[in-house]
Amino acid sequence: MPIATVNPATGETLRTFEAMDEEEIERRLQLAEATFRTYRTTSFAERARRMQRAAGLLDDDQQEIARTITCEMGKPVAQARAEAAKCAKAMRWYAEHAQELLADEEPAAADVKDSGAVRALVRYRPLGPVLAVMPWNFPLWQVVRFAAPALMAGNVGLLKHASNVPQTALYLEDLFHRAGFPEGCFQTLLIGSGAVDEVLRDERVRAATLTGSEPAGRAVASTAGEMVKKTVLELGGSDPFVVMPSADLDRAARVAVTARVQNNGQSCIAAKRFIVHTDVYDAFTERFVAGMRALRMGDPMEEDTDIGPLSSERGRADLEELVDDARRGGARVLCGGERPEGPGWYYPPTVLGGVTREMRIHREEAFGPVATLYRAQDLDEAILIANDTSFGLSSNVWTRDEEEVDRFVRDLEAGGVYVNGMTASHPAFPFGGVKRSGYGRELSGHGIREFCNITTVWHGA
């Protein structure tokens, strides 16, 4: 895949970039290693000043970088601005909280005495250069939610971004440099996916984080396992959105539309499978389908656009194949389902009813604005359907019955359970999944400690 900006609203190639050669990659690896030796000794206060500066610069650049994001991957420009604002918020959060999150921990006095020590503590130390392999769907946020904690912990970052967002990738390197971070603290590697394995095998790279597809995750995890390197993986999702009889149906249906079509439906944590109790199935479906039909699809640079194009022609073709397979299997298309005429890689908001386990869309992640509806006879069946997936990223449940809430929290196989609301990442809360959605956590204190050497310090008499 070429490294290029291709406008998904028109299909026009706007800029192309040459992949870095081996000499340039080596230069950047050397720089990362050399920078880490000194950067790791900087104070939290010094790192925080730079991170706060980066947040301020990002605020200043919000309009311009939002247009770049929209031009490269197609999300509505208002959503791109919101993504930039969210990144600045996360930068400030880690600048303010990193020192306390990584403060030395002192074991209980009785345990210290029992160990024969006069003093003991646990200290969090940075690992070194961390390779981040990142996707195009949230081209700022996916990177910043790694970079902000990693840099605040004293690590340095190497970014291999998706090949269709090169300008956003280069902007991120420039942003951290302008904020005062040393030159080698955060570097973008303009390389294809085929070059990732060699970089990851390099001894100077100490760990890796990947957000992306299952195949990409397996490849990185396999190499990292062979090289005995720490990894964090955030892979696909097919999140359930469960609606029970006690739910506020009007609000649930409104939120369901947003939860499905955020980012043009191209989000791992977007709700994709809508599991509705039979008592309210018809009422919810009527509201939900009406909301999906009302969305405005069009030019993502226009402020009132709800749905822009998918990021690539291949992505649209993959989505169409899932819908066509479901249709052949007997699913009912309640709205959408047909490719529009004209340029760009658009696909309309689509709702499918009557989905069965035999259909591909039941087993595979639909990366676009396509929702599947399921009817559940009771709470137990709702949980069975929700867990009937190889993914386990997050989940949404709508009920005002506290006993039902307890059951969902206990039994849903997911990294998050959002009650009467849609899944959304926040810097204060851990984010990640189970099963084939990956392992490890990003954000919060859990995320900043993922790439730390958790060190026991023991003092004898």
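Caption draft 1: Looking closely at the sheet that holds strand E4 (residues 129–133). If you walk across this open sheet you meet the 6 strands as E6-E5-E4-E7-E8-E16, and the pairing is mixed. Lying at the two open borders of the sheet, with one neighbouring strand each, are strand E6 (186–188) and strand E16 (438–439). Here 5 bridges tie E4 to strand E5 (residues 156–160), and the two strands are oriented parallel to one another. Note that in E5 the partner of Pro129 across the bridge is Val156. Of the strands in this sheet, E4, E5, E6, strand E7 (207–211) and strand E8 (230–234) touch helix H6 (residues 141–152), which is tilted by about 165° from E5. Each of E5 and E6 is contacted by helix H7 (residues 166–178), which is oriented at about 155° to E6, the strand it contacts most.

Caption draft 2: A look at the environment of Val143. Among the secondary structure elements, Val143 is positioned in helix H6. For Val143, a relative accessible area of 0% puts it in the buried group. Dropping the residues within four chain positions of it, Val143 is found in contact with Met134, Leu159, His161, Leu172 and Phe186.

Caption draft 3: View of helix H10 (residues 249–261). The first and last C-alpha atoms of H10 sit 18 Å apart over 13 residues, in line with the 18 Å expected at 1.5 Å per residue. Within H10 the residues assigned to the buried category are Leu249, Ala252, Ala253, Val255, Ala256, Val257, Ala259, Arg260 and Val261. Buried residues in H10 make contact with strand E9 (239–243), strand E10 (271–277), helix H11 (281–293), strand E13 (370–376) and strand E14 (396–398). Where H10 begins, one side-chain oxygen reaches toward the backbone nitrogen of Asp250, 3.3 Å away; that side chain belongs to Asp248. Of the residues one or two after H10, Asn263 is the one with positive phi, at around 60°.

Caption draft 4: How the structure looks around the packing of aromatic side chains. For the structure on display, the rule yields 10 aromatic pairs. Aromatic pair Phe176 and Phe186: ring centres 4.9 Å apart, planes at 45°, arrangement tilted. Remark: Phe186 occurs in strand E6 and Phe176 occurs in helix H7; sequence separation between them is 10 residues. Per residue, the accessibility class of Phe176 equals that of Phe186, and both read buried. Arranged with centres 5.7 Å apart and planes meeting at 25°, the rings of Phe241 and Trp398 form a pair that is stacked.

Caption draft 5: Highlighting the pattern of salt bridges. Taken as a whole and assessed by the stated rule, the structure comprises 37 salt bridges. Between Arg296 and Asp304 there is a salt bridge whose closest N-O contact spans 3.3 Å. For Arg407, the salt bridge goes to Asp380, with nearest N and O atoms at 3.0 Å. Residue Arg407 is found in helix H15 (residues 402–411), and its partner Asp380 is found in helix H14 (residues 379–387); the two are separated by 27 residues along the sequence. Arg407 sits in the partly exposed class, given a relative accessible area of 24%.

Caption draft 6: Focus on the state of the cysteines. Within the structure shown, the criterion is met by 0 disulfides. This cysteine, Cys268, is not joined by any disulfide, and Cys87 carries the nearest cysteine sulfur, 16 Å off. Cys268 gets classed as buried once you look at its relative accessible area, which sits at 9%.

Caption draft 7: Quick look at a negative patch on the surface. Where like charges cluster on the molecular surface, the negative patch consists of Asp21, Glu22, Glu23 and Glu198. Following the sequence through the fold, Glu22 ends up in helix H1 (residues 22–39). Residue class for Glu22 comes out exposed when judged on its relative accessible area of 62%.

Caption draft 8: Molecular detail of the nonpolar core. One finds Met51, Leu58, Met91, Leu131, Leu140 and Phe176 to be the most contacted residues of the largest nonpolar core, which totals 87 residues. Ranked by residues supplied to this core, first place goes to helix H4 (residues 77–101) with 12 residues.

Caption draft 9: Structural context of the side chain of Gln266. If you trace the backbone, Gln266 turns up in the loop between H10 and E10. At 3.0 Å, the side chain of Gln266 and the backbone nitrogen of Ser311 are in polar contact. Beyond its immediate stretch of four places on either side in the chain, Gln266 contacts Trp136, Asn137, Phe138, Pro309, Leu310, Ser311, Phe367 and Gly368.

Caption draft 10: Geometry of the packing of H14 against H15. Close contact between H14 and H15 brings their axes to 11 Å; oriented N to C, the two are set at 30°. Looking at the two axes, H14 sits roughly parallel to H15. Crossing angle aside, the handedness with which H14 passes H15 is right-handed. Along the contact surface, H14 presents Leu379, Asp380, Ile383 and Asn387, while H15 presents Glu404, Arg407, Phe408 and Asp411. Considering only residue class, the contact of H14 with H15 consists of 3 nonpolar, 1 polar and 4 charged.

Caption draft 11: Structural detail: the packing of H4 against H6. Between H4 and H6, the shortest axis-to-axis distance is 9 Å and the interhelical angle comes to 15°. Looking at the two axes, H4 sits roughly parallel to H6. Note that H4 runs across H6; the crossing there is right-handed. Across the interface between the two elements, Glu83, Lys86, Cys87, Ala90, Met91, Tyr94, Ala95 and Ala98 from H4 touch Trp141, Val144, Ala148, Pro149 and Met152 from H6.

Caption draft 12: Quick look at the sheet that holds E9. Strand order in the open sheet made by the 7 strands is E11-E12-E13-E10-E9-E14-E15, with mixed pairing throughout. A single partner strand is all that each edge strand has here, and the edge strands are strand E11 (332–335) and strand E15 (418–419).

Calculation notes
Residues numbered from 1 in each chain as written. Predicted model: local features only at pLDDT ≥ 70, side-chain atom pairs only at ≥ 80, totals over all residues. Heavy atoms only, no water. Pairing = 2+ DSSP bridges. Helix = DSSP H or I, 4+ residues; strand = E, 2+ residues; numbered from the N terminus. Contact = heavy atoms within 4.5 Å. Axes fitted to C-alpha atoms, helices over the stretch in contact; angles between N-to-C directions. Buried < 20%, exposed > 50% of the residue type's maximum accessible area, 1.4 Å probe, protein only. Expected span 1.5 Å × (residues − 1). Polar contact = N/O pair within 3.5 Å; in protein donor to acceptor, adjacent residues only side chain to side chain. Phe/Tyr/Trp six-rings, centres within 6.5 Å; stacked < 30°, edge-to-face > 60°. Salt bridge = Lys/Arg side-chain N within 4 Å of Asp/Glu carboxyl O. Disulfide = S-S within 2.5 Å. Patch = residues over 30% accessible without salt bridge, like charges linked within 9 Å, V, L, I, M, F, W, Y side chains within 5 Å. Areas by Shrake-Rupley, 256 points an atom, 1.4 Å probe, with all protein chains shown as cover. Lys, Arg positive; Asp, Glu negative; His and termini not counted. Charge placed at Lys NZ, Arg CZ, Asp CG, Glu CD. Core = buried A, V, L, I, M, F, W, Y, C linked by side-chain atoms within 4.5 Å. Parallel < 35°, antiparallel > 145°, perpendicular 65-115°, else oblique. Left-handed = near helix turned anticlockwise from the far one by under 90°. Nonpolar A, V, L, I, M, F, W, Y, C, P; charged D, E, K, R; others polar.

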